[in-house]
Amino acid sequence: MKSVGIIANPASGKDIRRLVAYGSVVTSNEKINMLKRILLGIDSMGIKDVSMMPDASGIGNRALDRLPLSMNVSFLDMILGNNQDDSTRAAEQLNRMGVACIVTLGGDGTNRVVAKSSGTTPLLSVATGTNNAFCTMAEGTLAGIAAGVIAQESGALDEVVIRAPRLEIWDDTGFVDSALVDVVISKAEFVGSRAIWDEATLSEVFLTRAEPGNIGFSSLGGYLCHVPADAGKGLYIAVGPGGQTVRAPIAPGRIRPIPVESFRIFEAGEKLPVRQTPAVIALDGEREIVVAKGDRYYVSFSPDGPYVVDLTKTLNRASK
């Protein structure tokens, strides 16, 4: 029997898309309640140890307050920077510890930074973000039970753990960063509020999945050409006049017409150049990389992204 790791992002579900769109605010109190249910679910499976990322908001400590648990819950020994690097460093530490899985509370952006260093440790994502194309919309109790099942397993997990794809960003010197769902090229020349929400600035979109059932830029691709996450290939969209116009929900309640110049499937390993400079590259909805005029960047599709727990398959296997 192994232990379980937990990373709860206190900042998820609180960005500018609550002002420019109609995204739900996932409060700290709701995260605390969800974390309580996750912990009770894990505990019900007889798991002995859970390791959790500390956070300045005290979500973990408040979730443990007067919670009747028989297992031991400890916090990682780490100095907080109160930024997304905390999640990356916590995932690296949990992977080194050999936990059975990492339960994440956050959105696509949270899972992106966790996946940077989670290694072979599978992620069990519980959606508390704005765009949740990668994450699972799951009741915390069930997520906790599923995490406990994974921690109990001594055999192979091939049936219930899959490998998700990712997009890789490169420049002329080598690998730069990665994304799990979308890479969006914006004509804006600054990071600003980080979240991508203004369709007028769009230039290009790269996707690991194009699914009309999602919120965000994955839905834009989904209305053009359905590409499921397990297709083994990506979708490229050039935004601009000359083709068709697609109405897509690019943020909660924000349904906008997007002019599409062209789109095409691209294969694993194929490096597509970023044609817009200067620009800002957004990874899973958040602006991260400033591209100066003349800089050369490329985006490729890789099937070798993070390992992910399929919650439904896990619970089905446990019932059998």
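Reading the values: the criteria
- Residues numbered from 1 in each chain as written.
- Predicted model: local features only at pLDDT ≥ 70, side-chain atom pairs only at ≥ 80, totals over all residues.
- Heavy atoms only, no water.
- Helix = DSSP H or I, 4+ residues; strand = E, 2+ residues; numbered from the N terminus.
- Contact = heavy atoms within 4.5 Å.
- Buried < 20%, exposed > 50% of the residue type's maximum accessible area, 1.4 Å probe, protein only.
- Axes fitted to C-alpha atoms, helices over the stretch in contact; angles between N-to-C directions.
- Left-handed = near helix turned anticlockwise from the far one by under 90°.
- Nonpolar A, V, L, I, M, F, W, Y, C, P; charged D, E, K, R; others polar.
- Phe/Tyr/Trp six-rings, centres within 6.5 Å; stacked < 30°, edge-to-face > 60°.
- Lys NZ or Arg CZ within 6 Å of the ring centre and 35° of its normal.
- Pairing = 2+ DSSP bridges.

**Some points on the side chain of Arg112**
Line of reasoning, step 1. Inspection of the secondary structure assignment puts Arg112 in helix H5 (residues 108-115).
Line of reasoning, step 2. With near-sequence residues (within four places) excluded, Arg112 lies in contact with Gln84, Asp177, Ser178, Ala179, Leu180, Leu283, Asp284 and Glu288.

**Re the environment of Pro249**
Line of reasoning, step 1. As for its position among the elements, Pro249 is in strand S11 (residues 233-251).
Line of reasoning, step 2. You can call Pro249 buried: its relative accessible area is 15%.
Line of reasoning, step 3. Those residues in contact with Pro249, other than ones at most four positions away along the chain, are Asn214, Ile215, Gly216, Ser219, Tyr223, Arg254 and Ile255.

**Points about the packing of helix H6 (residues 140-152) against helix H8 (residues 311-319)**
Line of reasoning, step 1. It is at 9 Å that the axes of H6 and H8 come closest, and there the two elements cross at 65°. Two packed elements cross with a definite hand, and for H6 against H8 that hand is left-handed. Judged by residue contacts, Leu142, Ala143, Ile145, Ala146, Val149 and Ile150 of H6 engage Leu311, Thr314, Leu315 and Ala318 from H8.
Line of reasoning, step 2. Looking at side-chain class alone, the contact of H6 with H8 contains nine nonpolar, one polar and no charged residues.

**Topic: the packing of aromatic side chains**
The geometry of an aromatic ring pair is captured by two quantities: the separation of the ring centres and the angle between the planes.
Line of reasoning, step 1. A complete count under the given rule lists three aromatic pairs for this structure.
Line of reasoning, step 2. Residues Phe206 and Tyr236 carry aromatic rings whose centres are separated by 5.0 Å and whose planes lie at 50° to one another, so their mutual orientation is tilted. Taken together, the positions of Phe206 in strand S10 (residues 202-207) and Tyr236 in strand S11 put the pair 30 residues apart, joining distant regions of the chain.
Line of reasoning, step 3. The exposure class of Phe206 is buried, given its relative accessible area of 0%.
Line of reasoning, step 4. Members of the aromatic cluster, each reached through a chain of ring pairs, are Phe206, Tyr236 and Phe266.
Line of reasoning, step 5. Above the ring of Trp170, the side-chain terminus of Lys271 is found at 4.0 Å from the ring centroid.

**Brief notes about the sheet that holds strand S8 (residues 174-179)**
By definition, the strands of a sheet pair up through backbone hydrogen bonds, in either a parallel or an antiparallel sense.
Line of reasoning, step 1. Spatially, four strands are ordered S8-S7-S16-S13 in an open sheet, and the strand pairing comes out antiparallel. Only two strands of the sheet have a single neighbouring strand rather than two, namely S8 and strand S13 (272-273).
Line of reasoning, step 2. Where S13 lies against strand S16 (residues 297-302), two bridges are found, and the strand directions are antiparallel. Bridging from a neighbouring strand, Pro273 pairs with Tyr298 of S16.

**Things to note about the pairing of S16**
Line of reasoning, step 1. Counted residue by residue, S16 has six buried out of six residues, so it is predominantly covered.
Line of reasoning, step 2. The alternating pattern of S16 places Tyr297, Val299 and Phe301 on one face and Tyr298, Ser300 and Ser302 on the opposite face, and all of these are buried.
Line of reasoning, step 3. Where strand S7 (residues 166-171) lies against S16, six bridges are found, and the strand directions are antiparallel. If you follow Ile169 over to S16, its bridge partner there is Val299.

**Structural notes on the pairing of strand S14 (residues 279-283)**
It is a general feature of regular strands that their side chains alternate between the two faces of the sheet.
Line of reasoning, step 1. For S14, the buried fraction is high: five of the five residues fall into the buried class.
Line of reasoning, step 2. Because side chains alternate across S14, one face comprises the buried residues Ala279, Ile281 and Leu283, and the other comprises Val280 and Ala282, equally buried.
Line of reasoning, step 3. By the bridge criterion, four bridges tie strand S9 (residues 182-186) to S14 in an arrangement that is antiparallel. For Ser186, the partnering residue across the bridge sits in S14 and is Val280.
Line of reasoning, step 4. Where S14 lies against strand S15 (residues 286-291), five bridges are found, and the strand directions are antiparallel. Each bridged residue has a counterpart across the sheet, and for Leu283 the counterpart in S15 is Glu286.

**With respect to the sheet that holds S10**
Line of reasoning, step 1. Read across the open sheet, the six strands follow the order S12-S11-S10-S9-S14-S15; overall the sheet is antiparallel. Every other strand in the sheet has two partners, leaving strand S12 (254-267) and S15 as the edge strands with one partner each. Across this sheet, the average inter-strand angle for adjacent strands is 30°, counted without regard to direction.
Line of reasoning, step 2. Looking at chain direction, S10 and S11 are connected through four bridges and run antiparallel. When the sheet's bridge partners are listed, Leu207 is paired in S11 with Leu235.

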